[in-house]
Amino acid sequence: MPELPEVSYFKKYLDATALHQKIRKVSAPEELILGTKEVAFQQLQGDQLKESRRLGKYLFVATENRNTLIFHFGMTGNFEYRQGEEPPKYTYFTLHFENDFQLFFTCPRKLARVYLVEDAEVFRKEHELGQDALEASEEEFLELADGRRGSMKGFLMNQKIISGIGNLYSDEILFQSRIHPATAVNDLNQKELKAIFRNIEKVLLRVTKSKMDSSSLPQSYITPYRKAGAACPRGNGKIEKAKIAGRTSYFCVNCQPAK
DNA sequence: CGTAATGTTTGAAT
DNA sequence: TATTCAAACATTAC
């Protein structure tokens, strides 16, 4: 379930488990998952994961030998750290550690990727990753929005502009901002753009909190009601669905009128 | 059985 | 040249 908040959770999970464990062996039985050639991953033998950082929906893990292991979770990627011979179903990449534990990287839909690179900055440039959604300033955000003609939802989901926001939380940010997802960026005034900017941080941090402590989202959130015909959490009618910016979007036309 | 699913990349259209 | 859009990718679940 990986947008920025989920990847923050995976970072916490990896930090609490696989970090600083000596790697005994690497298994990569599914070539499709590998963003870099399989042979490169064998370099990890004897190495250790040193520290991790999240950028957008990517998790960068620096190793003691100065390489960087990069995880991207696609739509269904997940970690599982435990002992035992039998890997979980859909395991396509495994780090085996000297302590007999393993970090399994699973992904039923095989859209996840794992990379091993020498220079994380080169990777970032190659993949054209924009500023992290939690690090952009209001000024930068307004600058990035200037002159854009596409939908606001498409703008929020474009990883080259701002990275970390996907289908679910772009809908939530726009619901909280009372902006229809199909509204063109250049049809929004500064006040509306600033409200969206504030809600990016607000929503992402709130969702991250709920991922970290398994708490539920506020009553006023639309995320739990992503179903056409569901009642708007503000009591303003029914949730509608439409394909916007290539993805299924849920919104309330009464709260979020089209411009 | 058909359709949609939390994402990114590619190539075409604007 | 830059931006936007739709389709493709692989597989599962409803």
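Residues numbered from 1 in each chain as written. Chains lettered and ligands numbered in written order. Predicted model: local features only at pLDDT ≥ 70, side-chain atom pairs only at ≥ 80, totals over all residues. Heavy atoms only, no water.

An unreviewed UniProt entry annotates chain A as Formamidopyrimidine-DNA glycosylase originating from Christiangramia flava JLT2011. According to its UniProt record, chain A has this under Catalytic activity (unreviewed entry): "Hydrolysis of DNA containing ring-opened 7-methylguanine residues, releasing 2,6-diamino-4-hydroxy-5-(N-methyl)formamidopyrimidine." (UniProt positions renumbered as here; feature names shortened; annotations may be inferred.)

A. Up close: the pairing of strand β6 (residues 91–97). Among the 7 residues that make up β6, 7 are buried, leaving the element largely enclosed by the rest of the structure. Pairing geometry for strand β1 (residues 23–27) and β6, over 4 bridges, is antiparallel. Looking across to β6, one finds that I23 is bridged to F97. Two strands pair when backbone bridges link them, and β6 and strand β7 (residues 102–106) are joined in this way by 5 bridges, in the antiparallel orientation. Following the sheet pairing, F93 is matched in β7 by F105. Count of turn residues in the β6/β7 antiparallel hairpin: 4 residues, of which D100 carries a positive phi of about 75 degrees. (Buried < 20%, exposed > 50% of the residue type's maximum accessible area, 1.4 Å probe, protein only. Helix = DSSP H or I, 4+ residues; strand = E, 2+ residues; numbered from the N terminus. Pairing = 2+ DSSP bridges.)

B. Structural detail: the sheet that holds strand β5 (residues 78–82). Within the open sheet, the 4 strands sit side by side as β1-β6-β7-β5. Their pairing is antiparallel. If you trace the sheet from one side to the other, it starts and ends with β1 and β5, each paired once. With strand direction ignored, the average angle separating the axes of adjacent strands in the sheet is 15 degrees. (Axes fitted to C-alpha atoms, helices over the stretch in contact; angles between N-to-C directions.)

C. Examining the side chain of D132 more closely. Positionally, D132 belongs in strand β9 (residues 131–132). Its relative accessible area of 0% is what places D132 among the buried residues. A distance of 2.6 Å separates the side chain of D132 from the side chain of R54, its partner in a polar contact. If we skip the residues at most four places from it in the chain, D132 touches L4, R54, L55, G56 and S163. (Polar contact = N/O pair within 3.5 Å; in protein donor to acceptor, adjacent residues only side chain to side chain. Contact = heavy atoms within 4.5 Å.)

D. A look at a positive patch on the surface. Positive charge collects at one region of the surface, where K191, K194, R198 and K202 lie side by side. Residue placement: K194 occurs in helix α7 (residues 190–213). (Patch = residues over 30% accessible without salt bridge, like charges linked within 9 Å, V, L, I, M, F, W, Y side chains within 5 Å. Areas by Shrake-Rupley, 256 points an atom, 1.4 Å probe, with all protein chains shown as cover. Salt bridge = Lys/Arg side-chain N within 4 Å of Asp/Glu carboxyl O. Lys, Arg positive; Asp, Glu negative; His and termini not counted. Charge placed at Lys NZ, Arg CZ, Asp CG, Glu CD.)

E. Up close: the packing of aromatic side chains. Throughout the structure, instances matching the rule amount to 17 aromatic pairs. Ring geometry for Y81 versus F101: centroids 4.9 Å apart, planes at 15 degrees, classification stacked. In this pair, Y81 sits in strand β5 while F101 sits in the loop between β6 and β7, placing the two residues 20 residues apart along the sequence. Judged by relative accessible area, which is 13%, Y81 ranks as buried. One aromatic cluster is present, built from ring pairs that chain together Y9, F10, F41, F71, F73, F79, F93 and F105. (Phe/Tyr/Trp six-rings, centres within 6.5 Å; stacked < 30°, edge-to-face > 60°.)

F. Structural view of the nonpolar core. Ranked by internal contacts, the top residues of the largest apolar core, which has 30 residues, are L14, L69, F71 and F93. At the level of secondary structure, the elements contributing two or more residues to this core comprise α1 (4–17), β1, β3 (58–63), β4 (68–72), β5, β6, β7 and β8 (113–117). A total of 4 residues in this core trace back to one element, the largest contributor, which is β6. Non-local contacts of F71, meaning those with residues more than four positions away in its chain, are made with L14, K57, Y58, L59, V61, F79, F93, L103, F105, R113 and V114. In this structure, L156, I162, F197 and L217 belong to the second largest nonpolar core, which totals 27 residues. (Core = buried A, V, L, I, M, F, W, Y, C linked by side-chain atoms within 4.5 Å.)

G. Summary view of the domain arrangement of chain A. Structurally, chain A comprises domain 1 (4–126) and domain 2 (131–251). A C-alpha centroid distance of 29 Å is found between domain 1 and domain 2. Listed by partner, the interface residues are 12 residues for domain 1 and 16 residues for domain 2. Both faces combined, the contact of domain 1 with domain 2 buries some 1100 Å², and carbon together with sulfur accounts for 60% of it. Among the residues of domain 1 in contact with domain 2, L4, P5 and K57 are the three that bury the most area, contributing 44% of the side total. One can count 2 salt bridges joining domain 1 with domain 2. Across the pair R54 and D132 runs a salt bridge, and its minimum N-O distance is 2.6 Å. On inspection of domain 1 and its partner domain 2, the count reaches 6 residue pairs in polar contact (both at pLDDT 80 or more). For the side of domain 1 that touches domain 2, the secondary structure elements donating two or more residues are α1 and β2 (49–55). Top element by residues in the side of domain 1 that touches domain 2 is α1. It accounts for 6 residues. Tallied by class, residues from the side of domain 1 that touches domain 2 come to 5 nonpolar, 2 polar and 5 charged. (Domains from an automatic or database assignment. Buried area = accessible area lost by both parts, 1.4 Å probe. Nonpolar A, V, L, I, M, F, W, Y, C, P; charged D, E, K, R; others polar.)

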